[in-house]
Amino acid sequence: MVIKAKSGKGNKIHVSADEEYIFTVDADFWFTQGISTGDEISEEELEALKNAASFRRAYNKALDLISRRDYCERELFARLCRNFEPPAAERAVERVLELGFIDDDKYAQKLATELFEKKMFSPFRIRSELIRRGVSKDSADNVCEGLDIDFKERIIEILNRKFERQLSTPQGKKRAFNSLVRMGYGFSDIRSAMRELNIDLTDTY
């Protein structure tokens, strides 16, 4: 079959085989393949070219994604699979790992610190969130083991900082209690902290 390449907008090259459109790639990729317009290639050569082009597009997408925010390995793979076949997505992830562009342990530590300091989540909620994002259980456990806190003191801090104005009504106390539960704090710790602040829950629960 006869390959043809036609320049598109910007850095794009549109490739066809026997007058049938196949794919679009960037010019840098195309000119490294050693193929010119008018060349004849076999079905096997075309398939190899398709695979290489798919990997290139997946890799470029991976670079774009990680330039915008941090990803862990599994999360990046899942995101790439929305647009590419798993083999191309897997190769792209492997490549960014080889280059050191993503690191699950650093990702887990950074995200845990953010959730702990900004969201004020408990270590239990942080572990759950890390695993949901694709961090391995071992990495999540290792990170959360370093978050050694006094739960009652932490809850008191949250109540004073975030919910102080809401604690004068039963509805406000209930909202604060439920929010703390969603943040990963246990019922007994929340009640203990509220008793410490002389917050009466008898009209709430």
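Residues numbered from 1 in each chain as written. Predicted model: local features only at pLDDT ≥ 70, side-chain atom pairs only at ≥ 80, totals over all residues. Heavy atoms only, no water.

**Focus on the packing of aromatic side chains**
What counts, and what does not: Aromatic rings from Phe, Tyr and Trp, taking only the six-membered ring of Trp, are treated as a pair when their centres fall within 6.5 Å; an angle between ring planes under 30 degrees marks them as stacked, one over 60 as edge-to-face, and anything in between as tilted. Helix and strand definitions follow DSSP, with helices as H or I runs of at least four residues and strands as E runs of at least two, each counted in order from the N terminus. A simple rule labels every residue: compare its accessible area, found with a 1.4 Å probe on the protein chains alone, to the largest value its type can have, and call it buried under 20%, exposed over 50%, or partly exposed in between. Criterion for a charge above a ring: Lys NZ or Arg CZ within 6 Å of the ring centre, and within 35 degrees of the ring normal.
Summed over the entire model, instances satisfying the criterion amount to four aromatic pairs. Centroid distance F124 to F151: 5.7 Å. Interplanar angle 10°. Geometry classified as stacked. One end of the pair, F124, is in helix 6 (residues 123-132); the other, F151, is in helix 8 (residues 151-162), and 27 residues separate them in sequence. A relative accessible area of 57% means that F124 is categorised as exposed. Overall, the relative accessible area of 22% leaves F151 in the partly exposed class. Stacked on the ring of F55, the Lys or Arg R91 has its end atom at 4.0 Å from the ring centre. A cation over an aromatic ring shows up here: R154 above the ring of F116, its NZ or CZ 3.9 Å from the ring centre.

**Considering the nonpolar core**
Short version of the rule: Take the buried residues of types Ala, Val, Leu, Ile, Met, Phe, Trp, Tyr and Cys, join any two whose side-chain atoms come within 4.5 Å, and each joined set is a nonpolar core. Throughout, a residue-residue contact means that at least one pair of heavy atoms, one from each residue, lies within 4.5 Å.
By size, the foremost hydrophobic cluster in this structure holds 32 residues, and its most contacted members are I126, L130, L159, L180 and M194. For this core, the elements supplying multiple residues, two or more each, are helix 5 (104-119), helix 6, helix 7 (137-145), helix 8, helix 9 (170-182) and helix 10 (187-196). The element best represented in this core is helix 5, accounting for six residues. Those residues in contact with L130 that sit more than four places away from it in its chain are A108, L111, A112, V135, A140, V143 and C144.

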